[in-house]
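What follows is each chain in one-letter form.
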Amino acid sequence: MKKLLTLLFTLVLTAGCLLGLTACGDNKGSNGKQTITVYTESGFAPFEYLNENGEVVGSDIDLMSEICEILGYNLVVKDVAFGAIFTNVQNDKWAVGAAGITVNAERSETGIFSDSYTTSVQYVIVKKGTFSEADLTDGKIDLTKLSGKKMGMQESTTGCWLIEDAVDGTKDDDENHVKGELEGTGASYIEYKNAVVASNDIGGKIDAVVIDELPAKSICKNNSELECFQINAEPESYAFYLNKEATELLSNINYVLAKLKEDGVVDYLINKHSGAYNLAK
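Rules used throughout
Residue numbers here run from 1 along each chain, matching the order of that chain's written sequence. With pLDDT at 70 or above as the cut-off, local features in this predicted model cover only qualifying residues; side-chain atom pairs require 80 or more to be listed or tallied, and sums for whole chains, interfaces and linings still use all residues. In computing side-chain values, all of the structure's heavy atoms are included and hydrogens and water are not. In these notes, a set of buried Ala, Val, Leu, Ile, Met, Phe, Trp, Tyr and Cys residues joined through side-chain atoms within 4.5 Å is what counts as a nonpolar core. Remark: exposure states derive from per-residue accessible area (1.4 Å probe, protein chains only) relative to the maximum for the residue type, with buried under 20%, exposed over 50%, and partly exposed in between. Only heavy atoms matter for contacts: two residues are in contact if any of them lie within 4.5 Å across the pair. Computed over the protein atoms alone on a 1 Å grid, cavities are sets of points where a 1.4 Å probe fits but cannot get out and pockets are open sets with protein on both sides within 12 Å along at least five of seven lines; a residue lines them when it has an atom within 4 Å of a point. Grid points are joined across faces, edges and corners, and a volume is the space filled by probe spheres set on the points. Only DSSP runs of H or I reaching four residues or more are called helices, and only runs of E reaching two or more are called strands; each is numbered from the N terminus. Each residue receives one of three labels: charged for Asp, Glu, Lys and Arg, nonpolar for Ala, Val, Leu, Ile, Met, Phe, Trp, Tyr, Cys and Pro, and polar for the others, Gly being one of them. Salt bridges are defined as contacts in which a side-chain nitrogen from Lys or Arg sits within 4 Å of a carboxyl oxygen from Asp or Glu. Any two strands are treated as partners once DSSP identifies two or more bridges connecting them. Only the stretch in contact is used when a helix axis is fitted, and all axes are lines through C-alpha atoms; the angle between N-to-C directions ranges over 0 to 180 degrees.

Asker: In this structure, what is going on with the nonpolar core? I would like to understand it.
Answerer: Looking at soluble globular proteins, one finds that nonpolar side chains tend to be buried together. Formed by 46 residues in total, the largest nonpolar core has its most connected members in L63, I67, V96, I125, F240, L242 and L249. In this structure, V96 is in contact with I36, T37, V38, Y39, M64, V89, F240, Y241, L242, L249 and I253, ignoring residues within four places of it in sequence. Membership of the second largest hydrophobic core comes to 19 residues, among which are V126, L143, M151 and C160.

Asker: Would you take a moment to explain the layout of surface pockets for this structure?
Answerer: Taking a probe equal in size to a water molecule and rolling it over the atoms shows the remaining empty space. In this structure, the largest pocket spans a volume of roughly 370 Å³. As for the largest pocket, its lining consists of 16 residues, of which N104, T158, W161, L162 and D165 are closest to the centre. For the lining of the largest pocket, the secondary-structure elements that each account for two or more residues are α4 (105-108) and α5 (158-168). Broken down by element, the residue count for the lining of the largest pocket peaks at 6 residues, all from α5. Tallied by class, residues from the lining of the largest pocket come to 6 nonpolar, 4 polar and 6 charged.

Asker: Where do I start with the pattern of salt bridges in this structure?
Answerer: Pairing between side chains becomes possible if they bear opposite charge and their charged atoms approach one another. Using the criterion set out here, one finds 5 salt bridges in the structure. K193 is the partner of E41 in a salt bridge, and the nearest nitrogen-oxygen pair spans 2.7 Å. Within this pair, whereas E41 is found in the loop between β1 (35-40) and β2 (49-50), its partner K193 is found in the loop between β14 (188-192) and α6 (195-199), the two being separated by 152 residues in sequence. For E41, a relative accessible area of 1% puts it in the buried group. As a salt-bridge pair, E213 and K217 come within 2.9 Å of each other at their nearest N and O atoms. In this pair, E213 and K217 both sit in helix α7 (residues 213-221), 4 residues apart, roughly one turn of the helix. You can call E213 partly exposed: its relative accessible area is 21%. The class of K217 is buried, set by a relative accessible area of 17%.

Asker: I tried to follow the pairing of β1 on my own but got confused; where do I start?
Answerer: Along any regular strand the residues' side chains alternate between the sheet's two faces. The buried count for β1 comes to 6 of 6 residues, which makes it a mostly enclosed element. The pairing of β1 with strand β4 (residues 74-79) spans 6 bridges and is parallel. If you follow I36 over to β4, its bridge partner there is L75. Here β1 pairs with strand β5 (residues 95-97) via 3 bridges, running parallel. Along β5, the bridge assignment pairs T37 with A95.

Asker: How should I be thinking about the sheet that holds strand β15 (residues 208-212) in this particular structure?
Answerer: Spatial ordering of the open sheet is given by β9-β10-β16-β8-β15-β11-β14, a layout of 7 strands whose pairing is mixed. If you trace the sheet from one side to the other, it starts and ends with β9 (136-137) and β14, each paired once. When strand β8 (residues 122-127) meets β15, the two strands line up antiparallel, connected through 5 bridges. Across the sheet, the residue bridging to I125 is V209, located in β15. In the packing of α7 onto the sheet, the strands contacted are β8, β15 and β16 (226-231), and the crossing angle to β15 comes to about 130°.

This is the structure we're talking about:
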């Protein structure tokens, strides 16, 4: 923490020139500072979750708080449905989506992304004993092992899209149907508000939940009947999502984010909240 505070004071000294780019904002608080509204969805520990007082906390929230403090912005956090994050940011150039958001081409059509601050992979959560070592390849589960299973996913996430494509198939460049890995196997899916809610239905309405690595591990750590496995799929990069007009804000955030990454602050915050949420090592 001492290292983080030292970096903070160093950056405050250099942030003045950056603040000059955005000081004329139209969303100022009573203290005269520009207000940044961070939209998130609180069922995605350790990046964002509710503490014992019902407050939204997490590494994403702390990271945006550090960035706003360094740049001299007020910070307001709003907890909404994951899909609503993108709509809200698209309508507000002083808003930021911070919710373990994966960078992809579809989202880049509607907004702009900061530099990536960490990476992740998709995991599947199941009842213990669902899979054995024989089902794994290099410690990972192939999508075909989910044949015939009913899966729950957090709406509008890349994990959700992964399973939808596998179950329903996709289209190629010529709009021809491409069969999905799970198509015709009896596999199906249900969309949930978040993976925490979905995991409560494992063994009942659904057989499995597909979600990113750290949220999957946090859920399993807090439920001794569940375990999780990495899905054999491409890794993903997380970044903050901004309004397309927020180019100056993006530049400021990227400047500070680079310094925080370089000094290890981003990793520190993720590890801090992983421990706070009893995340599996």
